[in-house]
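What follows is each chain in one-letter form.
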Amino acid sequence: MATETNKPSTDKKSSKSTGFSGMTERFGAREKDGIVRCDACPVLCRIRPERSGACGRYANVEGELARVDPLVLLEKSRAPGGGVVPFEGAAAEWNGTLVQQETFVTAIGAGTTYPDYKPAPFIVATQYNDLETVTVVSESIFSYCGVKIKLDTDKHLGAEQADILCDGQRIGHVTTGEYGSQMLSIGGVNHLTGGSKREGKVTCNTIMALCNRQPVELVVAGGCSVLVQAGHAPVIDGVTEQRMRVGCGSATIGIFAKQWHGHVDEVIVIDEHITGVLSEHQAGRCLGMEPSGIRVCGRRSTPGRYFSVANSGQGWGGTDISDPFSIIESIDNDVARPGSRLLMTTTTGDESIYCVLDDSLQPVETAMPNAVQIVVDRIRENCEPSLCSVLFVAGAGGSLRAGVTENPVSLTRSVKETLTRVTMGGAPVYVWPGGGITVMVDVTRMPASSFGYVPTPAIVAPIEFTLPRDQYAAMGGHVDYIQPLEEICDYYGDSAQSSSWDPKNPWPLK
Ligand code: SF4
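Since this is a predicted model, take the numbers as computed values, not measurements.

Draft legend 1. Quick look at the overall build of the protein chain. Each helix and strand counted, the protein chain has 8 helices and 36 strands in total. Counting only C-alpha atoms and orienting by the principal axes, one finds that the protein chain spans roughly 95 × 55 × 40 Å. For the protein chain, with 510 residues in total, the buried portion stands at 53%. Counting contacts in the protein chain only where the partners sit at least 6 residues apart, residues at least 24 apart contribute 68% of the total. Accessible surface, the protein chain as shown: approximately 21600 Å² in total, 49% of it carbon and sulfur. Across the protein chain, 44 positive and 58 negative side-chain charges occur, with their mean positions spaced 5 Å apart.

Right, here's the structure in full:
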């Protein structure tokens with residue numbers, strides 16, 4: 001087993017030893033020569049005095065196993081009159097004031113349940129209004145986890161199912177695109193455990209960096225490179241994306257048809273998936289528009305809606321074209337008229353061209369009239385800012401439940417019945433239906449740097465289960481290990497880190 005002995009970081013406030021309230025025997029073991037064996041994960045580091053273990057999360061401080069990072073408490077305060085306001089000052093020092101229902105012990109810095117026959121590091125009793133609640137707090141080790149990434153862009157990143165590479169390792173794949181967004185799936189147990197040691201390590205590091213909101217460069221095999229950072233615009237092949245498309249080509253026709261009417265005779269909205277043609281589209285017909293005689297390439301799905309007008313690529317509207325006229329298959333001499341006004345645009349309005357058919361019915365680019373330009377600008381106005389969304393997905397329905405209760409299925413049932421609230425770092429999670437406790441959380445709603453790792457490799461993430469105390473007892477919870485919130489706050493004092501509650505999140509105890 002590993003015996004990494006890094007020097008513990010001195011610029012972080014160390015948590016107190018996990019020997020709090022008689023827990024010495026539950027975490028770590030003292031060996032000869034002042035060595036402490038950490039048993040917070042299967043690596044079982046033997047840590048020399050004043051050194052830290054392989055993950056950098058635990059250290060040997062004066063012969064005791066200590067969690068290196070501070071325990072994070074979420075704080076909020078009440079406005080005069082009882083309204084709730086966020087705590088003033090992000091990451092301010094906790095001032096020692098005990099405010100029962102306004103302090104929430106997150107699992108960040110709490111320590112680990114592993115090897116799971118032990119109760120969770122903290123089982124906290126908190127009075128919330130008239131209700132006594134219990135929150136079971138643990139940093140959990142997830143081998144079954146990954147991230148789903150939503151990138152708001154109509155750019156074609158690569159083929160669906162294409163591998164995603166980082167540092168030359170396969171760490172995920174391109175998955176099914178959503179409306180106006182490309183989707184990536186990173187990590188998962190197969191990449192963490194099923195490939196080479198290096199693949200597992202790079203996958204783990206990438207998940208952790210993405211979840212801690214750091215920028216990560218990903219490469220799609222046979223496609224683009226993408227710089228992904230949660231809460232920021234994606235950077236595709238070095239170009240920062242600005243706008244998410246307003247809708248598909250057909251939707252764009254539907255939204256703006258009336259505003260174009262009278263100013264143009266035809267509009268073609270070029271889109272990788274569904275290209276819209278105004279005069280054929282139901283929206284144009286309802287406005288009484290005449291056929292323009294302009295036929296686009298691709299497969300006609302329904303009137304005015306065309307699939308596959310071009311290949312996917314980095315050109316107009318996520319296609320591979322740079323010349324919009326290249327998607328015009330034919331112009332019908334019997335229907336088209338010289339002088340007809342044609343607008344071609346993308347679903348973001350980033351590319352557009354206005355032209356008039358000459359006497360030989362060829363489109364000739366012409367200055368765009370102001371009335372048409374206004375509508376193109378409105379397409380752009382209706383496009384939301386492009387963003388990277390990073391959601392951490394993990395299976396919490398395994399052995400970590402033993403840190404909560406002697407009868408794990410009772411926790412699963414309680415979560416499914418929404419009697420137990422699950423949070424991660426105090427942030428709300430979505431619990432997937434069906435078996436197990438598969439959770440999904442937006443990492444931007446969690447405190448910064450909430451995630452860690454262990455070299456098995458696996459991700460360490462905070463998780464809290466909150467429920468009424470009587471129900472905790474009824475589910476076979478570890479009631480002998482319940483500690484009052486005040487006791488924990490007293491013990492940790494200024495070694496805990498107070499973090500501002502994000503008012504966009506529900507208060508975890510509410
Ligand atoms: S790698 Fe595992 S055993 Fe080693 S210090 Fe970290 S949690 Fe403890």
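Having seen the model, we can carry on.
Draft legend 2. Structural detail: the site of the ligand. For the ligand, the full set of nearby residues is Cys 38, Ala 40, Cys 41, Leu 44, Cys 45, Gly 53, Ala 54, Cys 55, Arg 57, Tyr 58, Val 454 and Pro 455. The cavity where the ligand resides is the largest cavity.

Draft legend 3. Here's a closer look at the nonpolar core. One finds Ile 149, Leu 218, Phe 392 and Met 424 to be the most contacted residues of the largest nonpolar core, which totals 61 residues. The leading source of residues in this core is helix α2 (residues 197-211), at 7 residues. Every residue in contact with Ile 149, bar those within four places of it in the chain, is listed here: Gln 182, Met 183, Leu 184, Ile 186, Leu 210, Leu 218, Val 228, Ser 389 and Val 390. One finds Ile 270, Ala 310, Ile 331 and Leu 361 within the second-largest nonpolar core, a separate group that totals 20 residues.

Draft legend 4. Broad picture of the pairing of strand β13 (residues 169-178). Sheet topology places strand β12 (residues 163-166) next to β13; 4 bridges connect them, and they run antiparallel. Within the sheet, the bridge partner assigned to Asp 163 lies in β13 and is His 173. The turn linking β12 back onto β13 is made up of 2 residues, and Asp 167 within it adopts a positive phi angle of 50°. As paired elements, β13 and strand β14 (residues 181-187) share 5 bridges and run antiparallel to each other. Opposite Val 174, over in β14, you have Leu 184 as the bridge partner. Linking β13 to β14, which pair antiparallel, is a turn of 2 residues; within it Gly 180 sits at a positive phi near 85°.

Draft legend 5. A look at empty space enclosed by the protein. Enumeration over the complete set of coordinates arrives at 4 cavities of 30 Å³ or more. Taken as a whole, the largest cavity spans an internal volume of roughly 100 Å³. Surrounding the largest cavity, 14 residues form its lining, Cys 38, Cys 41, Cys 45, Ala 54 and Cys 55 being those nearest its centre. Here the residues of the lining of the largest cavity are counted per class, giving 12 nonpolar, 1 polar and 1 charged.

Draft legend 6. Broad picture of α2. Relative to the 21 Å expected for 15 residues at 1.5 Å per residue, α2 spans 21 Å between its end C-alpha atoms, a close match to the ideal helical length. Where α2 is concerned, the buried positions are Glu 199, Gly 200, Val 202, Thr 203, Cys 204, Thr 206, Ile 207, Met 208, Ala 209, Leu 210 and Cys 211.

Draft legend 7. Looking closely at the side chain of Glu 266. Positionally, Glu 266 belongs in strand β19 (residues 266-270). No salt bridge is formed by the buried Glu 266; the nearest opposite charge belongs to Arg 337, separated by 8.8 Å. Of note is the side chain of Glu 266, whose polar atom sits 3.2 Å from the backbone nitrogen of Leu 278.

Draft legend 8. Layout of the confidence of the model for the protein chain. Across the protein chain, the average pLDDT comes to 90, with 90% of residues at 70 or higher. Every residue in residues 1-25 is under pLDDT 50, and counting partners more than four places away or in other chains gives 78 contacts. Here residues 79-101 is modelled with pLDDT under 50, and outside its nearest four sequence neighbours on either side it reaches 55 contacts, counting other chains as well.

Draft legend 9. Expanded view of the pairing of strand β20 (residues 274-277). Side-chain alternation along β20 places Ile 274 and Gly 276 on one buried face and Thr 275 and Val 277 on a second face that is also buried. Here 2 bridges tie β19 to β20, and the two strands are oriented antiparallel to one another. Residue pairing in the sheet places Val 269 in a bridge with Gly 276 of β20. Between β19 and β20, which pair antiparallel in sequence order, lie 3 residues. The pairing of β20 with strand β23 (residues 305-307) spans 3 bridges and is classified as antiparallel. Each residue of the ladder has a partner; that of Ile 274, found in β23, is Phe 307.

Draft legend 10. Spatial organisation of the layout of surface pockets. In this structure, the largest pocket occupies an estimated 670 Å³ of space. Contributing to the lining of the largest pocket are 36 residues, with Ile 108, Pro 447, Ala 448, Ser 449 and Ser 450 lying nearest its centre. At the level of secondary structure, the elements contributing two or more residues to the lining of the largest pocket comprise β6 (72-78), α2, β33 (452-454) and β36 (497-500). By residue number, the principal contributor to the lining of the largest pocket is β36, which donates 3 residues. When grouped by side-chain class, the residues that make up the lining of the largest pocket number 14 nonpolar, 13 polar and 9 charged. Considering only enclosed or pocket space, the second largest pocket measures out at about 270 Å³ in volume. Along the walls of the second largest pocket sit 17 residues, with Asp 116, Ile 141, Phe 142, Ser 143 and Ser 399 positioned nearest its centre.

Draft legend 11. How the structure looks around the sheet that holds strand β3 (residues 46-47). Here 3 strands make up an open sheet; going across it, the order is β1-β2-β3 and the pairing antiparallel. The sheet terminates laterally at β1 (29-30) and β3, the two strands that pair on one side only. Relative to strand β2 (residues 36-37), β1 runs antiparallel, the two being bridged by 2 bridges. Its bridge partner lying in β2, Ala 29 is registered against Arg 37.

Draft legend 12. Geometry of the side chain of Ser 386. Looking at the secondary structure, you find Ser 386 in the loop between α5 (370-381) and β28 (388-395). Its relative accessible area of 4% is what places Ser 386 among the buried residues. Residues in contact with Ser 386, not counting those within four places in the same chain, are Asp 152, Thr 153, Ala 233, Pro 234, Glu 241, Gln 242, Arg 243 and Met 244.

Draft legend 13. Layout of helix α3 (residues 249-260). Residues of α3 that are buried: Gly 249, Ser 250, Thr 252, Ile 253, Phe 256, Ala 257 and Trp 260. Each buried residue of α3 lies within a common arc of 150° when the element is viewed along its axis, so the set occupies one face. Among the structural elements, β19, β20, α4 (282-286), β23, β25 (341-346) and α5 are those in contact with the buried residues of α3. The positive-phi residue at the C-terminal boundary of α3 is Gly 262, with phi of around 95°.

How each quantity is defined
Residues numbered from 1 in each chain as written. Predicted model: local features only at pLDDT ≥ 70, side-chain atom pairs only at ≥ 80, totals over all residues. Heavy atoms only, no water. Helix = DSSP H or I, 4+ residues; strand = E, 2+ residues; numbered from the N terminus. Buried < 20%, exposed > 50% of the residue type's maximum accessible area, 1.4 Å probe, protein only. Contact = heavy atoms within 4.5 Å. Areas by Shrake-Rupley, 256 points an atom, 1.4 Å probe, with all protein chains shown as cover. Lys, Arg positive; Asp, Glu negative; His and termini not counted. Charge placed at Lys NZ, Arg CZ, Asp CG, Glu CD. Near = heavy atom within 4 Å. 1 Å grid on protein atoms, 1.4 Å probe; cavity = no way out; pocket = protein on both sides within 12 Å on 5 of 7 lines; lining within 4 Å. Sits in = over half its atoms within 2 Å of the grid points. Core = buried A, V, L, I, M, F, W, Y, C linked by side-chain atoms within 4.5 Å. Pairing = 2+ DSSP bridges. Points joined across faces, edges and corners; volume = space filled by probe spheres on them. Nonpolar A, V, L, I, M, F, W, Y, C, P; charged D, E, K, R; others polar. Expected span 1.5 Å × (residues − 1). Salt bridge = Lys/Arg side-chain N within 4 Å of Asp/Glu carboxyl O. Polar contact = N/O pair within 3.5 Å; in protein donor to acceptor, adjacent residues only side chain to side chain. pLDDT = per-residue confidence, 0-100. Arc of directions from axis to C-beta.

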